[in-house]
Structure formats: C-alpha cells, structure tokens
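Below, each chain spelled out in residue letters.
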Amino acid sequence: MSQKKVHIDELLQLCMEGKQSAQLQVYNAYYKAMYNTAIRIVKNSAEAEDIMQESFLNAFTKLHTFKGEVTFGAWLKKIVINNSIYHYNKKRKKKEVALDDIMYKVEDNDGIASDHVFAEQKAQKVMETMKRLKDNYRISLTLHLIEGYDYEEISSIMNMSYANCRTTISRAKESLRQKMLITN
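Reading the values: rules and limits
- Residues numbered from 1 in each chain as written.
- Predicted model: local features only at pLDDT ≥ 70, side-chain atom pairs only at ≥ 80, totals over all residues.
- Heavy atoms only, no water.
- Helix = DSSP H or I, 4+ residues; strand = E, 2+ residues; numbered from the N terminus.
- Buried < 20%, exposed > 50% of the residue type's maximum accessible area, 1.4 Å probe, protein only.
- Contact = heavy atoms within 4.5 Å.
- Areas by Shrake-Rupley, 256 points an atom, 1.4 Å probe, with all protein chains shown as cover.
- Phe/Tyr/Trp six-rings, centres within 6.5 Å; stacked < 30°, edge-to-face > 60°.
- Lys NZ or Arg CZ within 6 Å of the ring centre and 35° of its normal.
- Axes fitted to C-alpha atoms, helices over the stretch in contact; angles between N-to-C directions.
- Parallel < 35°, antiparallel > 145°, perpendicular 65-115°, else oblique.
- Left-handed = near helix turned anticlockwise from the far one by under 90°.
- Core = buried A, V, L, I, M, F, W, Y, C linked by side-chain atoms within 4.5 Å.
- Salt bridge = Lys/Arg side-chain N within 4 Å of Asp/Glu carboxyl O.

**Student:** I'm lost on the overall build of the protein chain in this one. Help?
**Tutor:** Check the secondary structure of the protein chain and you find eight helices and zero strands. Counting from the amino terminus, the protein chain carries its helices and strands in the arrangement α-α-α-α-α-α-α-α. The buried share among the 184 residues of the protein chain stands at 39%. Counted over contacts in the protein chain with a minimum sequence separation of 6, partners at least 24 positions apart contribute 64%. With the model as given, the accessible surface of the protein chain reaches about 11300 Å², and the carbon-plus-sulfur share is 52%.

Right, here's the structure in full:
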C-alpha cells in the first residue's frame, strides 16, 4: 500500500471522528481537482465553487458509506460530477443558461509552469471548442476524455442506454473534429 494511500486512509478515519484539521487536510489535497471537474460541466466559476463545497460537505457527512472499493479521490469525483450535472440540469430547466458567459482557466494541479506551451495552447483550443458543443456532447466528452469514465459509467451518470452513450460520444468526437477544422 502506498504512503499516500495510508496517509489518506488515516485522515479519513480522523474525519469520521470529527477532526476538523483532518477535514481541512483532505480538502486541501483534493479541492483543485474537484473544482476543475465541476467547472468543466457547469462553466461558471462561482457555481463550480459552490458545487465543490457542497460535494465536500456531502462526502464528509456520508464518509461512513465509503467502502474503499475505489480510491477516495474517485469516490469524491463521482459526487462532484453528480452534483455538477444535477445543478447544470436544474439551471437549464430554469432557462438561465448563458453560453460562454464566463471564461475560465484550468490551473495546473501542481502549479508548475509548463515547458510545453504549444501543447497547452492546443489543449486550451480544444477546451474552448468543446464549450461550443451541444450540452450532451460536451458533458459526455468531458466525462469520457477528461475524467476518464468508460461508456458504462457515463451511461449510468447521464441516464442513457449504453448504445446511446457510445453513439453520443462518437458524434461528439466528430462534431469536435469538425469545429476544430473550421477554427484552424
């Protein structure tokens, strides 16, 4: 078992005992990645922060249900994704969705300046182009390509059949390719 895994397990045990300092350490270890996950779905910085905070509260209050079958980070990310999709759909139902109203920057998790400027520019261009995709395309591609979920997990998260999920992701990739060709 890795040193980091043992450390997180110890912190989680302390969190279940109500130790706020342990909760703060867990929060500090995961908040950037969870914020980045939320903002890719909701596209609003303030809302992503709220979702991240709410997700941590959910995780800490439901920590006793964490069985350790996956890493804590994966379990927490699932909570963030579910909360993000819930808030996004709720906002969309109210017809308050403003497309591309906030520009955002995805920060490096480690804060180290990259030497690969061209690759970063290309990645940023892909992310900007993804924001112009239809909502279901953008969300499914984010879950698949960025968050690393497989088709079965995405179909469950998005409440669609496995075949529909595969078709949606395939069409989303093609739509992204076409939009990338137009902007070149």
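**Student:** In this structure, what is going on with the side chain of Ser 140? I would like to understand it.
**Tutor:** By secondary structure assignment, the location of Ser 140 is in helix H6 (residues 135-146). For Ser 140, the residues in contact, after removing those within four places along its chain, are Ile 154, Met 158, Thr 168, Ile 169 and Ala 172.

**Student:** Would you mind showing me how to read the packing of aromatic side chains here?
**Tutor:** The geometry of an aromatic ring pair comes down to the distance between the two centres and the angle between the two planes. Here the structure, examined in full by the defined rule, presents eight aromatic pairs. Consider the rings of Phe 56 and Phe 60, whose centres lie 6.1 Å apart with planes at 40°: the pair is tilted. Highlighted residues: Phe 56 and Phe 60, both in helix H3 (residues 45-61), separated by four residues, approximately one helical turn. The exposure class of Phe 60 is buried, given its relative accessible area of 18%. Cluster of aromatic residues (ring-pair linked, three or more members): Tyr 27, Tyr 31, Phe 56 and Phe 60. Taking the ring centre of Tyr 88 as reference, the NZ or CZ of Arg 138 above it sits at 5.1 Å.

**Student:** Quick question: what am I supposed to make of the environment of Leu 14 here?
**Tutor:** Along the chain, the position of Leu 14 falls in helix H1 (residues 3-16). We classify Leu 14 as partly exposed; its relative accessible area is 34%. When near neighbours in sequence (up to four residues on either side) are disregarded, Leu 14 contacts Lys 19 and Ala 22.

**Student:** Help me understand the packing of helix H2 (residues 20-42) against H3, please; the structure alone is not making it clear to me.
**Tutor:** Packed helices, taken two at a time, are described by the angle between their axes plus the distance between the axes. Across the interface, H2 lies against H3 with an axial gap of 8 Å and an inter-helix angle of 135°. Taken together, the axes of H2 and H3 are oblique relative to one another. Crossing geometry of H2 relative to H3 is assigned as right-handed. Residues Gln 23, Val 26, Tyr 27, Tyr 30, Tyr 31, Met 34, Tyr 35, Ala 38, Ile 39 and Val 42 of H2 form the contact with H3, whose own contacting residues are Ser 45, Glu 47, Ala 48, Glu 49, Ile 51, Met 52, Gln 53, Phe 56 and Phe 60.

**Student:** Looking at this structure, how should I read the nonpolar core?
**Tutor:** Val 26, Tyr 30, Phe 72 and Leu 143 are the most contacted members of the largest nonpolar core, which has 47 residues in total. When contributions to this core are tallied by element, the ones reaching two or more residues are H1, H2, H3, helix H4 (72-93), helix H5 (117-130), H6, helix H7 (151-157) and helix H8 (162-183). Among the elements that make up this core, the one with the highest residue count is H2 (nine residues). For Tyr 30, the residues in contact, after removing those within four places along its chain, are Ile 8, Phe 56, Phe 72, Gly 73 and Leu 76.

**Student:** Would you take a moment to explain the pattern of salt bridges for this structure?
**Tutor:** Oppositely charged side chains may form a pair once their charged atoms are brought near each other. Here the structure, examined in full by the defined rule, presents five salt bridges. The salt bridge involving Glu 147 is made with Lys 77; its shortest N-O contact spans 2.9 Å. You can see Glu 147 sitting in the loop between H6 and H7 and its partner Lys 77 sitting in helix H4, a full 70 residues away along the chain. Judged by its relative accessible area of 11%, Glu 147 is buried. Of the residues examined, Lys 77 reaches a relative accessible area of 21% and is grouped as partly exposed. Note that Arg 138 is salt-bridged to Asp 135, the shortest N-O span being 3.6 Å. Linking Arg 138 with Asp 135, this pair stays in helix H6, spanning three residues, or about one helical turn. Arg 138 sits in the buried class, given a relative accessible area of 2%. When its relative accessible area of 19% is taken as the criterion, Asp 135 is described as buried. Each member of the salt-bridge network shares a partner with another, and the members are Arg 40, Lys 77 and Glu 147.

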